[in-house]
Amino acid sequence: MSWLSKVRNSLGGLTKRDTPDNLWTKCPGCGEMLFTREFEDNLSVCPRCQFHGRIGAQARFDQLLDAGYAVLPAARVPENPLNFRDSKKYSDRLKIARAANPFPDALTNALGTVEGRKLVLGVQDFAFMGGSMGMAVGEAFVEAVERAIAEDCGYVICTAAGGARMQEGILSLMQMPKATVAIRRLARAGLPYIVVLTDPTTGGVTASYAMLGDIQIAEPGALIGFAGQRVIQDTIREKLPDGFQRAEYLHAHGMVDMVVHRKDLKGTLASLLEYLERKEVA
């Protein structure tokens, strides 16, 4: 036994101090260990390398909307319409996801204001089954557009998804044209539709409503694409450029209009809504 152990054992009144398991967060970008509180207070952005961490729907609402916003009711759709089962029933997977998340599906909408500008804000939460697009997401999207038209305001959506929800098969793919038609209705009403692409936005979501905005904004470093990089490389048999499918690369090649730091996103949205809203001609 070392002398340090002997001294420790002789001080019987000392007990191991309890510390929270989530006191520290390791930045995926630079690998630095950050105080979780410091990381969250900085909008879940690393203060050292500016890596933008993934955040949930509630945090996104709190960051972007003024106080007093109202979360809209969740869409009601049939659950497990195909009676799908793999290693678990789809209905059981939904129960597990709902137990671990504050909202009942991947897309949640809220009515509020951003610096006084009224809008409907939709947020896809990657923590809910990879933000996958199923019937509930499609219906929530359409209901949000209808509410925006009724309120005479724009619709802003923050996308984060791995694509369509495989457990709903063709029914999930049908949400792509469904959302596209809803966007056309918003356009005919003369109301803005703004997309904020966050990490990651991929698959059928990218192939539909995520790339149909009047303005396309991306967060720094966000992965945005349809097929995965490895699939593309194996198909074309060429090495892809560095940063391929990242926000900055897509901005440089005209796929998105701007890359906006999270701390500037609220002000940017307010300015765009002011610019895009209909003006009465005197």
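Hey, could you run me through the packing of helix H3 (residues 57-64) against helix H11 (residues 262-276) in this one?
The packing of two helices is summarised by the inter-axis angle and the distance between the axes. Interaxial distance between H3 and H11 falls to 9 Å at its minimum, and their mutual angle equals 60°. Judged by the inter-axis angle, H3 sits oblique to H11. Across the interface between the two elements, Arg60, Gln63 and Leu64 of H3 pack against Arg262, Leu265, Lys266 and Leu269 of H11. Looking at the contact of H3 with H11, its residues break down into three nonpolar, one polar and three charged.

Help me out: how do you make sense of the packing of aromatic side chains in this one?
Any two aromatic rings considered together are summarised by their centre-to-centre distance and by the angle between their planes. Enumeration according to the criterion identifies eight aromatic pairs in this entry. Taking 4.2 Å as the distance between ring centres and 25° as the angle between the ring planes, the aromatic pair formed by Trp24 and Phe35 counts as stacked. Of the two residues, Trp24 sits in strand S1 (residues 24-26) while Phe35 sits in strand S2 (residues 33-35), which places them 11 residues apart along the sequence. On the accessibility criterion, Trp24 (44% relative accessible area) is partly exposed. According to the relative accessible area criterion, Phe35 is partly exposed, its value standing at 40%. With 5.4 Å between their ring centres and 75° between their planes, Phe141 and Tyr155 make a pair best called edge-to-face. Highlighted residues: Phe141 in helix H5 (residues 135-151) and Tyr155 in strand S6 (residues 154-161), separated in sequence by 14 residues. Under the relative-accessibility criterion, Phe141 is labelled buried at 0%. Sitting over the ring of Phe126, Arg54 keeps its end group 4.6 Å from the ring centre.

What exactly am I supposed to notice about the sheet that holds strand S4 (residues 107-114) here?
Sheet strands pair by backbone hydrogen bonding; their relative direction is either parallel or antiparallel. What the seven strands build is an open sheet, ordered S3-S4-S5-S6-S7-S8-S9; its pairing is mixed. Because the sheet does not close on itself, it has two edges, and the strands there are strand S3 (70-71) and strand S9 (258-259). Where S4 and strand S5 (residues 117-124) come together, eight bridges link them in antiparallel fashion. Paired with Thr113 across the bridge in S5 is Lys118. Running at roughly 20° to S4, H5 makes contact with S4, S5, S6 and strand S7 (193-201) of the sheet.

When you look at the side chain of Gln124 in this model, what are you seeing that I'm missing?
When you line up the elements, Gln124 lands in strand S5. Relative accessible area serves as the criterion here: at 3%, Gln124 is assigned to the buried category. For Gln124, the side chain forms a polar contact with the main-chain oxygen of Gly131, separated by 3.0 Å. There is a polar contact of 3.1 Å between the side chain of Gln124 and the side chain of Tyr209.

Whenever I open this one, a nonpolar patch on the surface confuses me. Can you help?
Side chains of Leu23, Trp24, Met33 and Phe35 sit close together on the surface and give an oily, nonpolar patch of about 390 Å² of accessible area. The class of Met33 is partly exposed, set by a relative accessible area of 42%.

I'm lost on the pattern of salt bridges in this one. Help?
As a working rule, side chains carrying opposite charge can pair if their charged atoms are close by. Applying the stated criterion to the full structure yields 15 salt bridges. Residue Lys266 is joined to Asp66 by a salt bridge in which the shortest nitrogen-to-oxygen separation is 3.1 Å. With Lys266 in helix H11 and Asp66 in the loop between H3 and S3, the pair connects residues that are 200 residues apart, well separated along the chain. When its relative accessible area of 22% is taken as the criterion, Lys266 is described as partly exposed. Under the relative-accessibility criterion, Asp66 is labelled buried at 18%. For Asp199, the salt bridge identified is with Arg246, shortest N-O distance 3.6 Å. Linking Asp199 in strand S7 with Arg246 in the loop between helix H9 (229-236) and helix H10 (247-252), this pair joins segments that are 47 residues apart in sequence. Within this structure, Arg54, Asp199 and Arg246 form a network of salt bridges that share partners.

I tried to follow unusual backbone geometry on my own but got confused; where do I start?
Glycine aside, residues mostly have negative phi angles, and peptide bonds mostly take the trans form. Residue Pro200 is bonded to the preceding Asp199 through a cis peptide linkage, with omega at -10°. With respect to the helices and strands, the residue Pro200 is situated in strand S7. One non-glycine residue, Gln50, lies in the positive phi region at around 70°. Judged by relative accessible area, Gln50 falls into the partly exposed class, the value being 35%. At Glu115, a position not held by glycine, the phi torsion is positive, near 50°.

Rules and cut-offs
Residues numbered from 1 in each chain as written. Predicted model: local features only at pLDDT ≥ 70, side-chain atom pairs only at ≥ 80, totals over all residues. Heavy atoms only, no water. Axes fitted to C-alpha atoms, helices over the stretch in contact; angles between N-to-C directions. Helix = DSSP H or I, 4+ residues; strand = E, 2+ residues; numbered from the N terminus. Parallel < 35°, antiparallel > 145°, perpendicular 65-115°, else oblique. Contact = heavy atoms within 4.5 Å. Nonpolar A, V, L, I, M, F, W, Y, C, P; charged D, E, K, R; others polar. Phe/Tyr/Trp six-rings, centres within 6.5 Å; stacked < 30°, edge-to-face > 60°. Buried < 20%, exposed > 50% of the residue type's maximum accessible area, 1.4 Å probe, protein only. Lys NZ or Arg CZ within 6 Å of the ring centre and 35° of its normal. Pairing = 2+ DSSP bridges. Polar contact = N/O pair within 3.5 Å; in protein donor to acceptor, adjacent residues only side chain to side chain. Patch = residues over 30% accessible without salt bridge, like charges linked within 9 Å, V, L, I, M, F, W, Y side chains within 5 Å. Areas by Shrake-Rupley, 256 points an atom, 1.4 Å probe, with all protein chains shown as cover. Salt bridge = Lys/Arg side-chain N within 4 Å of Asp/Glu carboxyl O.

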